[in-house]
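So the chains spell out like this:
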Amino acid sequence: MPTGIRLLIRRSCHAVLEMEGFDKPAEVSVSFIDNEEIRKLNKEFRDKDAVTDVLSFPNSDNGEYDINNDTGCYMLGDIVISVAKAMEQAERYGHSLRREISYLTVHSMLHLLGYDHEAGGLEQVRMREKEESVLTKLGLPQGASYVFDEE
């Protein structure tokens, strides 16, 4: 994984929370797995026997979150990203792996906060607008095909 990905993920999460006005301390688990593992999770939890790029597992379905007693943080949920799929998509769309990882993180954060695009329509459009707004704020706008220098 390129240098700085952990910081990029943290910045992506913070940017979504800020945009949504979520000003309480929050905790999110982000895991990187391979295509086979994400296919198994997709089948088990969504009944879709296919590789996907990211899965979101919210700890809430009504805006109420458990609080970690040790840290006082609201536990928003889990994000699981297939690194291989992210690399494939970055190449397909002609942008950096950093943009793809940030996009998948932002997309999943919105799911953890209750957004859903499965039905399409206005909700899907709103979600895409929010995703691009955050990515632009992070300096990763759509069409950004440049690659950052990895330190």
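What counts and what doesn't
Residue positions are counted from 1 within each chain, in the order its sequence is given. Totals for whole chains, interfaces and linings use all residues, but because this is a predicted model, local features are given only for residues with pLDDT of at least 70 and pairs of side-chain atoms are given and counted only at 80 or more. Side-chain figures throughout are based on the complete set of non-hydrogen atoms in the structure, without hydrogens or water. Definitions used for this entry: grid spacing 1 Å over protein atoms alone; cavity, a set of points where a 1.4 Å probe fits but cannot get out; pocket, an open set with protein on both sides within 12 Å along at least 5 of 7 lines; lining residue, one with an atom within 4 Å of a point. Grid points are joined across faces, edges and corners, and a volume is the space filled by probe spheres set on the points. Secondary structure elements follow DSSP: runs of H or I of four or more residues count as helices, runs of E of two or more count as strands, with numbering from the N terminus. In the scheme used here, Gly and all other residues not listed as nonpolar or charged are polar, with Ala, Val, Leu, Ile, Met, Phe, Trp, Tyr, Cys and Pro taken as nonpolar and Asp, Glu, Lys and Arg as charged. Buried residues of nine kinds, namely Ala, Val, Leu, Ile, Met, Phe, Trp, Tyr and Cys, make up a nonpolar core once their side-chain atoms join them within 4.5 Å. Think of it in three bands: with a 1.4 Å probe and only protein chains considered, a residue is buried below 20% of the maximum accessible area for its type, exposed above 50%, and partly exposed in between. Any two residues having at least one pair of non-hydrogen atoms within 4.5 Å are treated as being in contact. Simply put, an axis is a line fit to the C-alpha atoms, just over the touching stretch for a helix, and the angle between two N-to-C directions goes from 0 to 180 degrees. Any angle that is under 35 degrees is reported as roughly parallel, and any over 145 degrees as roughly antiparallel; angles of 65 to 115 degrees are reported as roughly perpendicular and all others as oblique. Crossing handedness is defined as follows: a turn of the near helix away from the far one that is anticlockwise and smaller than a right angle gives a left-handed crossing, while the clockwise case is right-handed. Residue-level confidence of the predictor, termed pLDDT, takes values from 0 up to 100.

A. Focus on the layout of surface pockets. Taken as a whole, the largest pocket spans an internal volume of roughly 780 Å³. Lining of the largest pocket is provided by 37 residues; of these, V54, Y103, H107, H111 and H117 occupy positions nearest its centre. Of all the elements in the fold, those that place two or more residues in the lining of the largest pocket are helix 2 (35-46), strand 2 (54-58), helix 3 (83-93), helix 4 (97-112) and helix 5 (121-137). Sorting elements by how many residues they give to the lining of the largest pocket places helix 4 first, with seven residues. Of the residues assigned to the lining of the largest pocket, the class counts are twelve nonpolar, 15 polar and ten charged. Taken as a whole, the second largest pocket encloses approximately 320 Å³ of empty space. I9, R10, C13, V28 and V30 are the residues nearest the centre of the second largest pocket, which is lined by 14 residues in total. Listing elements by their share of the lining of the second largest pocket, those giving two or more residues are helix 1 (5-19) and strand 1 (26-33).

B. Geometry of the nonpolar core. Counting residues in hydrophobic clusters, the biggest one holds 29 residues, and the most contacted among them are V16, L76, I81, I101, M109 and L113. Looking at this core, the elements with two or more residues in it are helix 1, strand 3 (74-82), helix 4 and helix 5. If one sorts the elements of this core by residue count, helix 4 sits on top with eight residues. Among all residues touching I81, those that are not within four sequence positions of it are V30, S31, F32, I33, I38, D53, V54, A86, I101, L104 and T105.

C. Structural context of the packing of helix 4 against helix 5. At their nearest, the axes of helix 4 and helix 5 sit 10 Å apart, and the two run at 130 degrees to each other. Here helix 5 runs oblique to helix 4, going by the angle between their axes. Remark: the crossing between helix 4 and helix 5 carries right-handed chirality. Residues R99, S102, Y103, V106, H107, L110 and H111 of helix 4 touch helix 5, and the partners they reach there are M127, R128, K130, E131, E132, V134 and L135. Residues that form the contact of helix 4 with helix 5 fall into these classes: six nonpolar, three polar and five charged.

D. Highlighting the confidence of the model for the protein. Mean pLDDT over the protein: 89, with 91% of residues reaching 70 or higher. This model gives residues 144-151 a pLDDT under 50, and the stretch forms 19 contacts once residues within four places in sequence are excluded.

E. Structural view of the environment of A50. Along the chain, A50 falls in the loop between helix 2 and strand 2. A50 sits in the partly exposed class, given a relative accessible area of 34%. Taking C-alpha positions, A50 is 32 Å from G139, a pair spaced 89 residues apart along the chain. With residues up to four places along the chain from it excluded, the contact list for A50 reads R39 and N42.

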